[in-house]
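# Report on the structure
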Amino acid sequence: MDKRLVADTSFYSFFVNDTSEKDSLGKILNDFKAEMPPKVYSELKASKNPEFLDEYKDKINLHNSYNLSFNAILKPLFSKEQEEKGEHEVIVVALFCYNLKLDFVFIIDDGGAFKFIEKNFPDLIRHVKRTASFICDCCTIYKIFNKPESLDLLEKMGNSKFFIDKITLCRIKEDLKKHD
């Protein structure tokens, strides 16, 4: 199991808080080791369904950046709002994975953080996915879900409080339907 997953809070929340798809998240974590910064962990611990953190603790590598203070590297570059959301910590963990030449997927749904990465760390972009496109990849590339499972998750995404542009979601579903 060499594949790593560096994801923001919204990714995990989609599976455990926005929908009742904790088992689908479990399937993903069977194939990926989650590299999780403390801000994401604490936000999930405070969410309405934190028990998955204990259930999958063997699949989560918690980066305790507050002890290491490595999040200070990017802190000055973010607004106070972005800092509170913990996006800088997720980016730092992704940078570590990149510099260690690990096989990883970097899931970030925040548009501002995506633009920040694009502008400041263009080498990371090839690792970046959004939650919806990663769900598609879980069918087409990683073979974690079959097509009906992925389409069902994408449908649930459209009906949940997860923020995604409806046109983008429709395009991803259509692309998945065309895939063999």
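Residues numbered from 1 in each chain as written. Predicted model: local features only at pLDDT ≥ 70, side-chain atom pairs only at ≥ 80, totals over all residues. Heavy atoms only, no water.

This part covers the packing of aromatic side chains. For the structure on display, the rule yields ten aromatic pairs. Taking 5.9 Å as the distance between ring centres and 70° as the angle between the ring planes, the aromatic pair formed by F11 and F134 counts as edge-to-face. Here F11, found in helix 1 (residues 9-18), pairs with F134, found in helix 9 (residues 131-140); they are 123 residues apart in sequence, far enough to count as distant. The two residues F11 and F134 agree in class, both being buried. (Phe/Tyr/Trp six-rings, centres within 6.5 Å; stacked < 30°, edge-to-face > 60°. Helix = DSSP H or I, 4+ residues; strand = E, 2+ residues; numbered from the N terminus. Buried < 20%, exposed > 50% of the residue type's maximum accessible area, 1.4 Å probe, protein only.)

Attention shifts here to the nonpolar core. Ranked by size, the top nonpolar core spans 54 residues in total, and within it L5, F11, Y12, F15, I28, F106 and F134 carry the most contacts. If sequence neighbours within four positions are ignored, F106 has contacts with V6, V90, I91, A94, I117, L124, H127, V128 and K129. (Core = buried A, V, L, I, M, F, W, Y, C linked by side-chain atoms within 4.5 Å. Contact = heavy atoms within 4.5 Å.)

The description of two helices packed together rests on the angle between their axes and the distance between the axes. In contact at an axis separation of 10 Å, helix 10 (residues 147-159) and helix 11 (residues 166-178) are set at 170° when each is read in the N-to-C sense. Here helix 10 is positioned roughly antiparallel relative to helix 11, judged by the angle of their axes. Touching K147, S150, L151, L154, E155, M157 and G158 of helix 10 are K166, L169, I172, K173, L176 and K177, all from helix 11. Here the contact of helix 10 with helix 11 is composed, by residue class, of six nonpolar, two polar and five charged. (Axes fitted to C-alpha atoms, helices over the stretch in contact; angles between N-to-C directions. Parallel < 35°, antiparallel > 145°, perpendicular 65-115°, else oblique. Nonpolar A, V, L, I, M, F, W, Y, C, P; charged D, E, K, R; others polar.)

Moving on to the environment of K22. Here K22 shows up in helix 2 (residues 22-31). In this structure K22 comes out as partly exposed when scored by relative accessible area, which is 23%. In this structure the C-alpha to C-alpha distance between K22 and N49, which are 27 residues apart in sequence, comes to 9.4 Å.

Another aspect to go through is the pairing of strand 4 (residues 103-107). Judged by how many residues are buried, strand 4 sits mostly within the fold: four of five residues are covered. As paired elements, strand 1 (residues 3-7) and strand 4 share five bridges and run parallel to each other. Across the sheet, the residue bridging to L5 is V105, located in strand 4. Bridge count between strand 4 and strand 5 (residues 128-129): two bridges; the pairing is parallel. Note that in strand 5 the partner of I107 across the bridge is K129. What joins strand 4 to strand 5 is helix 8 (residues 111-120), and the crossover it makes is right-handed. (Pairing = 2+ DSSP bridges. Right-handed = clockwise from strand over helix to strand, strands pointing away.)

Attention shifts here to the pairing of strand 1. For strand 1 and strand 2 (residues 33-36), the ladder comprises two bridges, and the chain directions are parallel. The partner of R4 across the bridge, within strand 2, is K33.

Now for the pattern of salt bridges. If you walk through the whole model with that rule in mind, you get ten salt bridges. Salt-bridge contacts for E21 lead to K156; the nearest nitrogen and oxygen are separated by 2.3 Å. Linking E21 in the loop between helix 1 and helix 2 with K156 in helix 10, this pair joins segments that are 135 residues apart in sequence. Of the residues examined, E21 reaches a relative accessible area of 11% and is grouped as buried. (Salt bridge = Lys/Arg side-chain N within 4 Å of Asp/Glu carboxyl O.)

Here we come to the sheet that holds strand 3 (residues 60-62). Taken together, the five strands give an open sheet; going across it, the order is 3-2-1-4-5, and neighbouring strands pair in parallel fashion. If you trace the sheet from one side to the other, it starts and ends with strand 3 and strand 5, each paired once. Helix-sheet contacts for helix 7 (residues 87-99) involve strand 1, strand 2 and strand 4, and the interaxial angle to strand 4 is about 160°.

Here we take up unusual backbone geometry. In most cases, non-glycine residues show a negative phi, while peptide bonds are predominantly trans. For K101, which is not a glycine, the phi torsion comes out positive at approximately 60°. Within the fold, K101 resides in the loop between helix 7 and strand 4. For K101, a relative accessible area of 73% gives the class exposed. Not every positive phi belongs to a glycine, and K143 is a case in point at roughly 60°. The residue K143 is located in the loop between helix 9 and helix 10 in this model.

By themselves, these are just geometric observations and shouldn't be taken as functional.
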